[in-house]
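Chain by chain, the residues run as shown.
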Amino acid sequence: MEQVIDHARLEEIGNELFDRSRAGTLDFAAYQRLFHEAIAVCGPDNDEMEMFCPFAKPEGWWDWMMQELQKASSRRVA
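Residues numbered from 1 in each chain as written. Predicted model: local features only at pLDDT ≥ 70, side-chain atom pairs only at ≥ 80, totals over all residues. Heavy atoms only, no water.

K.L.:
How should the pattern of salt bridges be read in this particular structure?
P.N.:
Two side chains carrying opposite charge are able to pair once their charged atoms lie near each other. Overall, the coordinates contain 6 salt bridges when judged by the stated rule. The residue Glu 12 makes a salt bridge to Arg 9 at a minimum N-O spacing of 3.0 Å. Here Glu 12 pairs with Arg 9, and both are found in helix H1 (residues 7-23), just 3 residues apart, close to one helical turn. On the accessibility criterion, Glu 12 (45% relative accessible area) is partly exposed. A salt bridge links Arg 9 to Glu 37; its shortest N-O distance comes to 2.3 Å. Residue Arg 9 is found in helix H1, and its partner Glu 37 is found in helix H2 (residues 28-42); the two are separated by 28 residues along the sequence. Residue Arg 9 is classed as partly exposed on the basis of its relative accessible area, which comes to 25%. Since its relative accessible area comes to 23%, Glu 37 is described here as partly exposed. Sharing partners across several salt bridges, the network here consists of Arg 9, Glu 12, Glu 16, Arg 20, Arg 33 and Glu 37. (Salt bridge = Lys/Arg side-chain N within 4 Å of Asp/Glu carboxyl O. Helix = DSSP H or I, 4+ residues; strand = E, 2+ residues; numbered from the N terminus. Buried < 20%, exposed > 50% of the residue type's maximum accessible area, 1.4 Å probe, protein only.)

Right, here's the structure in full:
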């Protein structure tokens, strides 16, 4: 069964991610929170999660994101 995606909520998450980045207030805690909210909205295997890639520039953020995607994907497999 395919997950229903709340596109409006996903857009809000993307806007906050972008706005915080532009304002210089996107710290790792905010990135993690938004990332987990997005996974809850669309699932880890959705192309929409790519919106986090351009913001994963600080050291360790990319590796953390990849680990979280793998963990979330493995939890979804029955």
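There's plenty left to go through after this.
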